Amino acid sequence: LGIRQQFVDLDKSIPFEIIAINIDNGSEFLNNHMINFMRRENGKKPIIFTRSRAYKKTDNCYVEQKNFTHVRELFGYQRFENKRLVDLMNDIYKNYWNPLQNFFLPTFKLKEKIRVGSKIIKKYDKPQTPYNRLMKSPHLSEEQKKRLFDMKSKLNPFELKSLLELKLKLFFDELRKSKNPEGF
């Protein structure tokens, strides 16, 4: 139910419709709760559901390449099951990290890879924020672009960064307490 609820929240918060989800073969996605979510009984089009091939990491290359910068670099490689820590992580991602990443921090996007002999030459697009890429997209309506613009206009990158650092400090303080509850 936890994964499903995160997708319900995501579906409500983004200014466009989810068309498809390509998942790995984990049981957190392959369950009745997620299948029912993807059927979309609320009148929206059903979400296309595809799965990666087992043991083929390259099937999810766009997700896998962001695991380090968007997950591991922020929280490390540890698995967190403490409810308080998970709630803090969700708060950090939803309210600070994602807005900062999506609206204010430009990223390179690989345009093409060319093999010349034994070398691979990569060519990148001009760095842009995900927000700017969406605003240039012909796939969003003017209403969706206006909603995105309104979301961005309410954000202050300096405030986001400052609050992110405070929340991360709170998270790691809580993590230290949970590992050492007696304070030794």
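Nothing here was measured: the structure is a model prediction, and the numbers come from that model.

K.L.:
Where do I start with the overall build of the chain in this structure?
P.N.:
Each helix and strand counted, the chain has seven helices and four strands in total. The order of helices and strands in the chain, counted from the N terminus, is α-β-α-β-α-α-β-β-α-α-α. For the chain, the proportion of its 184 residues judged to be buried stands at 25%. Pairs at least 24 apart in sequence give 59% of the contacts found in the chain among residues at least 6 apart. For the chain, the exposed area adds up to about 13500 Å²; of that, 56% sits on carbon and sulfur atoms.

K.L.:
It is not clear to me how the pairing of strand 4 (residues 119-124) should be interpreted in this structure. Could you clarify?
P.N.:
Put simply, side chains in a regular strand alternate between the two faces of the sheet. Looking at chain direction, strand 3 (residues 110-116) and strand 4 are connected through six bridges and run antiparallel. Along strand 4, the bridge assignment pairs Arg115 with Ile120. Joining the antiparallel neighbours strand 3 and strand 4 is a turn of two residues, in which Gly117 adopts a positive phi near 65°.

K.L.:
Help me out: how do you make sense of helix 2 (residues 32-39) in this one?
P.N.:
Structurally, the α-helix is built with 3.6 residues per turn, so residues lying three or four positions apart point the same way. Buried within helix 2 we find Met34, Phe37 and Met38. The buried side chains of helix 2 occupy one side of the element, clustering within an arc of 95° when seen end-on. Every exposed residue of helix 2 that faces more than 90 degrees away from the buried side is listed here: Asn32 and Arg39. As for helix 2, its buried residues are in contact with helix 1 (2-13), strand 1 (20-23) and strand 2 (48-51). In the stretch just after helix 2, Arg40 is the one whose phi turns positive, near 55°.

K.L.:
Would you explain the environment of Phe37 in this entry?
P.N.:
On the secondary structure map, Phe37 appears in helix 2. In this structure the C-alpha to C-alpha distance between Phe37 and Phe7, which are 30 residues apart in sequence, comes to 8.2 Å. If near-sequence neighbours (up to four positions away) are discounted, Phe37 is found in contact with Arg4, Phe7, Val8, Asp11, Ile21 and Ile47.

K.L.:
Sorry if this is basic, but what is going on with the side chain of Gln128 here?
P.N.:
When you line up the elements, Gln128 lands in the loop between strand 4 and helix 5 (130-136). Within the local environment of Gln128, its side chain forms a polar contact with the side chain of Lys136, the two groups lying 3.0 Å apart. Setting aside its immediate chain neighbours within four residues, Gln128 contacts Leu105, Pro106, Thr107, Arg133 and Lys136.

K.L.:
Hey, could you run me through the environment of Ile92 in this one?
P.N.:
In this structure, Ile92 sits in helix 4 (residues 83-104). If sequence neighbours within four positions are ignored, Ile92 has contacts with Leu74, Phe75, Trp97, Leu164, Lys167, Leu168 and Phe171.

K.L.:
Is there a simple way to think about a nonpolar patch on the surface in this case?
P.N.:
A cluster of nonpolar side chains, namely Phe108, Leu110 and Tyr124, defines an oily patch on the protein surface of about 330 Å² accessible area. If you trace the backbone, Leu110 turns up in strand 3.

K.L.:
Where do I start with the nonpolar core in this structure?
P.N.:
Taken as a class, soluble globular proteins show a tendency for nonpolar side chains to be buried jointly. Counting residues in each nonpolar core, the largest one holds 16 residues, and the members touching the most others are Leu74, Phe75, Phe80, Ile92, Leu164 and Phe171. Among the elements of the structure, helix 3 (61-75), helix 4 and helix 7 (157-179) are those that each provide at least two residues to this core. The greatest single-element share of this core, amounting to eight residues, is contributed by helix 4. Ignoring sequence-local partners within four residues, the contact set of Phe80 consists of Phe75, Leu85, Val86, Met89, Phe171 and Leu175. Phe7, Val8, Ile23 and Phe37 belong to the second-largest nonpolar core, a separate cluster that totals eleven residues.

What counts and what doesn't
Numbers given to residues run from 1 along each chain, matching the order in which its sequence is written. Restriction of local features to residues with pLDDT of at least 70 applies here, the model being predicted, together with a cutoff of 80 or more for giving and counting side-chain atom pairs; totals for whole chains, interfaces and linings are based on all residues. Calculation of side-chain values draws on the structure's entire complement of heavy atoms; hydrogens and water are dropped beforehand. Every helix listed is a DSSP run of H or I at least four residues long, and every strand listed is a run of E at least two residues long, numbered separately from the N terminus. Classification of residues uses two cut-offs on accessible area relative to the type maximum, computed with a 1.4 Å probe and protein chains only: under 20% is buried, over 50% is exposed, and between them is partly exposed. We call two residues in contact when some of their heavy atoms are within 4.5 Å. In these tables, accessible area is a Shrake-Rupley quantity obtained with a 1.4 Å probe, and a residue counts as shielded only by the protein chains included in the view. Only strands joined by at least two bridges in the DSSP assignment are considered to pair. Working definition: the arc comes from the directions between the helix axis and the C-beta atoms, pointing outward to the latter. Distance and chemistry together define a polar contact, namely a pair of N or O atoms within 3.5 Å, with one atom able to donate a hydrogen and the other to accept it when in protein, and with adjacent residues in sequence counting only for side-chain atoms on both sides. Patch members must show over 30% relative accessible area and no salt bridge, and they are joined within 9 Å when carrying like charges or within 5 Å when they are nonpolar side chains of Val, Leu, Ile, Met, Phe, Trp or Tyr. Salt bridges are defined by distance alone: a side-chain nitrogen of Lys or Arg within 4 Å of a carboxyl oxygen of Asp or Glu. Nonpolar core, defined: a set of buried Ala, Val, Leu, Ile, Met, Phe, Trp, Tyr and Cys residues in which side-chain atoms within 4.5 Å join the residues together.

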